[in-house]
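Chains, contacts and geometry: an overview
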Amino acid sequence: MPSNKSVSDAPITQFVNCRILRGSRLQREDLWVRSGSILDPEKLFFDEQGYADDRVDCEGSIMAPGFIDVQINGGYGVDFSEASEDVSAGVSLVSKKILQHGVTSFCPTLVTSPAAVYHKVLPQVKVHDGGAHGAGVLGLHLEGPFISAEKKGAHPERFLRTFQAGGIDDLMAAYGSLDNVAMVTLAPELAGSQSVVRELCRRGVTVSLGHSVANLSQAEEAVDQGASFITHLFNAMLPFHHRDPGIVGLLTSDRVPSGRTVFYGMIADGIHTNPAALRIAHRAHPEGLVLVTDAIMAMGLPPGRRTLGQQVIEIQGLHAYVAGTKTLSGSIATMDTCVRHFKHATGCSVEEALEAASLHPAQLLRLHHKGNLDYGSDADLVLLDDDLNLKATFISGEEVWKKAP
Amino acid sequence: MSPRTMKLIVLNDYEQASEWAAKYIRNKILLFRPGPDRFFTLGLPTGSTPMGCYKKLIEYYEMGQISFQYVKTFNMDEYVGLPRDHPESYHSFMWNQFFKHIDIKAENTHILDGNAADLQAECAAFEEKITAAGGIELFVGGIGPDGHIAFNEPGSSLVSRTRVKTLAKDTIVANARFFDGDLSKVPTMALTVGVGTVMDAKEVLILITGAHKAFALYKAIEEGVNHMWTVSAFQQHPQTVFVCDEDATLELRVKTVKYFKGMMHVHNRLVETLPSVPKKN
């Protein structure tokens, strides 16, 4: 039926035969899209006397908000921390490839690097919307260099930094600019870091705690100053201790200011975290759990030796180690694999697994029009079967990837 | 000479009553053979009673038995002052329970606007729209525990037209369950078609289910025409069908119920699947 639109001439698409994730429940409802946003069909009917131009039959699939990956270091041979001449080409390549994993928005992540690398790479990566060309870039995630030497993980020690008297000025000297930076991971036990946390939050940058030996007190102080995320919980931090739970204790801390949520990234690839630990975190604080891939350049590539940032790593099966050691250097799991593994390991509901990859990262980054299927939100969508395998990906209502039959 | 009939249809339970009513409506529309120059005008109710009937009509649409493309609808009523997108507004009810599931066009649906700047003018305009559409072929309604039809509360004029009404206490109490059980949240006024408006329809179908409606049904058909029980006005309508479940007949005389049940084999012919009526799509 032709639409009858008094408000807009833009075509209207109606997705039928789907179960949409709305209000934390899967509901049998149609999803309406116009001009890249989710439309309220009741308003359309009564106010505009309009209806759909196209109908897309979802054949009973699950329709969820597109996944958002806030920690991804590269993939398909691209390393975001590499200071190449054409960084944006690398970002574009990855952004296009990850559409097949259901990721519609992401934060390209840089590991600890020398100032020269930041100064060269950062100006080349801009926040921009996704589309047929690839997933949207929400801003950079700068993981380091203001982290703990003891918990550097795969980060190169020689490029770690501390805050000298300057605090935020030292940080700006290292990075060059905070334009297009969505998140910074730092260790809050570093002298001078608390004022940096406060200043970063004031500038709208999300602050995450990670690669740190902070105790719970120091972590709580940082949260007080505005920190709202924990980078890959359990990994590169002190283990939970019953008299000092450390950063892990933030999950159940009573010093988190009311109205605020502390989110925490989990790499649910089956390797970085024992399923029992994943379950403990999920059960303690389910609404804060954010699935991340922490994928490295080797994701999507065959096994062997590769370079990540300033170091050499080795891929063996599903594991990626710092070459010559047993230190994990990031994962090669894809986001949809993480969602399925997370659901399987925790026994959580489909809705919870999907929200951990969409709603929660959007809430973390305070993006109200992403990560949900509410009226007015961006129509970044994924279609999945009951086992959470991807069937299609949409950005702004347009199909940008479809599984080959 | 068109038929002058009163039928009381008694089914065993709510589901069967809903299904019978839905099939009756479906067949009426199909036999009318609606088309681009010939719309079937249908009056519609809200509330919990007709929900089963709407579900069945949606089913028949999904099975391809019926289309609403050439059907015009006129709802009975709407609260005054409730935002149109409030989950309990009758606009929301009709969208969620019926319109969004079928192929009806928005411009063919008519629901009174309880937020109109001039409520009297809105009511007068509604009457004019009904007239312009050629009158209502079939008006489907329910009954309140106080025997009201639409919001024609006890004491309403039996020749009333569409107007603003203050709701009776009984009605507010009955509707509180849709407003978190909080009486203060229930709207106190509504726009409603009048008794006279519904009486003008060519045919009227009243759905009555549940024991709590039994006394009202008794007053409506076994006692006299009385404006304290406004549904009783339909004793003087040329073509009325009352569709009930067993529980709704609990206050009727056994003799009345037996009489009408004895005719079910005749009445059931009205709801048989029509064999060769071509659908106009």
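Residues numbered from 1 in each chain as written. Chains lettered and ligands numbered in written order. Predicted model: local features only at pLDDT ≥ 70, side-chain atom pairs only at ≥ 80, totals over all residues. Heavy atoms only, no water.

1. Focus on the UniProt feature "active site" (unreviewed entry) in chain A
All names here are of chain A. What counts, and what does not: UniProt positions are given in the numbering used here, feature names are shortened, and annotations may be inferred rather than shown by experiment. Helix and strand assignments follow DSSP, with helices taken as H or I runs no shorter than four residues and strands as E runs no shorter than two, numbered in order from the N terminus. The rule is simple: take the accessible area with a 1.4 Å probe, protein chains only, and divide by the maximum for that residue type; under 20% is buried, over 50% is exposed, in between is partly exposed. Here, two residues are considered to be in contact whenever any of their heavy atoms come within 4.5 Å of each other.
Using the residue numbers shown here, the UniProt feature "active site" (unreviewed entry) corresponds to Asp-294. Within the secondary structure, Asp-294 sits in the loop between strand E18 (289–292) and strand E19 (304–308). Relative accessible area serves as the criterion here: at 7%, Asp-294 is assigned to the buried category. Discounting residues that sit within four places of it in the chain, Asp-294 has contacts with Gln-71, Asn-73, His-232, Ile-267, Gly-330 and Ser-331.

2. Observations regarding the interface of chain A and chain B
In plain terms, the rule: Throughout, buried area stands for the accessible area (probe radius 1.4 Å) lost by two parts on being put together, summed over both. Basic side-chain nitrogens of Lys or Arg form a salt bridge, by our definition, when they fall within 4 Å of a carboxyl oxygen of Asp or Glu. Contacts described as polar in this section are N or O atom pairs within 3.5 Å, which, within protein, must combine one atom able to donate a hydrogen with one able to accept it, while residues neighboring in sequence count only if both atoms come from side chains. Classification used: nonpolar for Ala, Val, Leu, Ile, Met, Phe, Trp, Tyr, Cys and Pro, charged for Asp, Glu, Lys and Arg, polar for all others including Gly.
Across the boundary between the two partners, chain A contributes ten residues, which contact 13 residues of chain B. In this assembly, chain A packs against chain B so that about 1,200 Å² is buried in total across both faces, 59% of it on carbon and sulfur atoms. The largest contributions to the chain A side of the interface with chain B come from A:Glu42, A:Phe45 and A:Phe46, which together make up 51% of the buried area. For the pair chain A and chain B, the number of links is two salt bridges. Notably, a salt bridge pairs A:Asp47 with B:Arg84, separated by 2.5 Å at the nearest N-O pair. Connecting chain A to chain B are three residue pairs in polar contact (both at pLDDT 80 or more). For the side of chain A that touches chain B, the residue count by class is four nonpolar, two polar and four charged.

3. Things to note about the UniProt feature "binding site: substrate" (unreviewed entry) in chain A
Residues and elements named next belong to chain A. The positions that UniProt labels "binding site: substrate" (unreviewed entry) are, in the present scheme, Ala-154, Asn-235, Ala-236, Arg-243, His-272, Leu-328, Ser-329 and Gly-330. Over a stretch of 177 residues, the named residues are scattered through the fold, their C-alpha atoms separated by up to 29.7 Å. Note that Ala-236 resides in the loop between strand E16 (229–230) and strand E17 (263–267). The contacts of Ala-236, once residues within four sequence positions are left out, are Lys-151, Gly-210, His-211 and Ser-212. By the element assignment, Leu-328 lies in the loop between strand E21 (319–322) and helix H8 (335–346). For Leu-328, a relative accessible area of 25% gives the class partly exposed.

4. As for helix H8 (residues 254–261) of chain B
All names here are of chain B. Applicable threshold: Our arc is simply the arc of the directions from the helix axis toward the C-beta atoms.
Among the residues of H8, Thr-256, Val-257 and Phe-260 are the ones counted as buried. Around the axis of H8, the buried residues are gathered within 95° of arc, so they sit on the same side. Along H8, exposed side chains directed more than 90 degrees from the buried face belong to Val-254, Lys-255, Lys-258 and Tyr-259. Buried positions along H8 lie against strand E1 (5–11) and helix H9 (264–267).

5. Digging into the layout of surface pockets
Over the atoms rolls a probe the size of a water molecule, and in doing so it shows where empty space is left. Heads up, the condition is: Using a grid of 1 Å spacing that covers the protein atoms alone, one calls a set of points a cavity when a 1.4 Å probe fits there but cannot get out, and a pocket when the set is open and has protein on both sides within 12 Å along at least five of seven lines; lining residues are those with an atom within 4 Å of a point. Grid points are joined across faces, edges and corners, and a volume is the space filled by probe spheres set on the points.
The space that makes up the largest pocket amounts to roughly 880 Å³. Counting only elements with at least two residues in the lining of the largest pocket, the list comes to strand E1 (12–16), strand E3 (25–28) and helix H1 (41–48) of chain A together with helix H2 (51–62) and helix H3 (90–97) of chain B. A total of four residues in the lining of the largest pocket trace back to one element, the largest contributor, which is H1(A). Of the residues in the lining of the largest pocket, the class split is 14 nonpolar, seven polar and 13 charged.

6. Describing the UniProt feature "domain: Glucosamine/galactosamine-6-phosphate isomerase" (unreviewed entry) in chain B
According to UniProt, the "domain: Glucosamine/galactosamine-6-phosphate isomerase" (unreviewed entry) feature falls on residues 38–239 of chain B. The straight-line gap between the two end C-alpha atoms of residues 38–239 of chain B is 21 Å; of that span, 27% is helix and 17% is strand.

7. What about the pairing of strand E2 (residues 40–44) of chain B?
All names here are of chain B. To keep things clear, this is the line we draw: Two strands qualify as a pair provided DSSP detects at least 2 bridges between them. Orient the strands so they point away from the viewer, and a crossover whose first-strand-to-second-strand path over the helix runs clockwise is right-handed.
Taking burial as the measure, the five residues of E2 include five buried ones, the bulk of the element. One ladder, built from five bridges, connects E2 with strand E3 (residues 71–75); its direction is parallel. Within E3, the position partnered with Leu-42 by the bridge is Thr-73. What joins E2 to E3 is H2, and the crossover it makes is right-handed. In terms of strand pairing, E2 meets strand E6 (residues 138–141) through two bridges, oriented parallel. Bridging from a neighbouring strand, Leu-42 pairs with Leu-138 of E6.

8. Examining H3(B)
With six of its eight residues buried, H3(B) lies for the most part within the structure. Taken as a whole, H3(B) has its buried residues at B:Tyr90, B:His91, B:Ser92, B:Phe93, B:Met94 and B:Trp95.

9. Digging into the side chain of B:Ser89
Residue and element names in this part refer to chain B. Locating Ser-89 in the fold gives a position in the loop between strand E4 (77–79) and H3. A distance of 2.7 Å separates the side chain of Ser-89 from the backbone oxygen of Arg-84, its partner in a polar contact. Reaching out from Ser-89, the side chain makes a polar contact with the backbone nitrogen of Ser-92 at a distance of 3.0 Å. Here Ser-89 is in contact with Glu-78, Leu-82, Pro-83 and Arg-84, once residues within four sequence places are set aside.

10. Topic: the sheet that holds strand E7 (residues 62–65) of chain A
Residue and element names in this part refer to chain A. The test is simple: Helix axes are fitted only over the stretch in contact, all axes being lines through C-alpha atoms; the angle between N-to-C directions runs from 0 to 180 degrees.
If you walk across this open sheet you meet the six strands as E3-E2-E7-E22-E23-E24, and the pairing is mixed. Of all strands in the sheet, those bounded by a partner on one side alone are E3 and strand E24 (398–402). When the angles between neighbouring strand axes are averaged without regard to direction, this sheet yields 30°.

11. Describing the sheet that holds strand E4 (residues 31–34) of chain A
Within a sheet, each strand pairs with its neighbour through backbone hydrogen bonds, oriented either parallel or antiparallel. Residue and element names in this part refer to chain A. The strand order across the open sheet built from four strands is E5-E4-E1-E6, with neighbouring strands paired in mixed fashion. The two strands at the open ends of the sheet, each matched to only one other strand, are strand E5 (37–39) and strand E6 (54–57). Neighbour-to-neighbour, the strand axes of this sheet turn through a mean angle of 35°, independent of strand direction. In this sheet, E5 lies alongside E4 in antiparallel orientation, the contact comprising three bridges. Looking at E5, one finds that Trp-32 is bridged to Leu-39. The sheet contacts of H1 involve E1, E4 and E5, and relative to E4 the element is tilted by about 65°.

12. Points about the packing of aromatic side chains
Threshold: Ring geometry is summarised as follows: Phe, Tyr and Trp rings, the Trp one being its six-membered ring, pair when their centres sit within 6.5 Å, and such pairs are stacked at plane angles under 30 degrees, edge-to-face over 60 and tilted between the two. In our convention, an over-ring charge means Lys NZ or Arg CZ found within 6 Å of a ring centre and within 35 degrees of that ring's normal.
Taken as a whole and judged by the stated rule, the model has 23 aromatic pairs over all chains. With 4.8 Å between their ring centres and 45° between their planes, B:Tyr79 and B:Tyr90 make a pair best called tilted. Taken together, the positions of B:Tyr79 in strand E4 and B:Tyr90 in helix H3 put the pair eleven residues apart, joining distant regions of the chain. Seen from their ring centres, B:Tyr79 and B:Phe179 are 5.9 Å apart, and the 80° between their planes marks the pair as edge-to-face. Note that B:Tyr79 is positioned in strand E4 and B:Phe179 in the loop between helix H5 (169–175) and strand E8 (189–192), a separation of 100 residues in sequence. An aromatic cluster of three or more residues is present, and its members are A:Phe45, A:Phe46, B:Tyr54, B:Phe68, B:Phe93, B:Trp95, B:Phe98 and B:Phe99. Sitting over the ring of A:Tyr321, A:Lys326 keeps its end group 4.3 Å from the ring centre.

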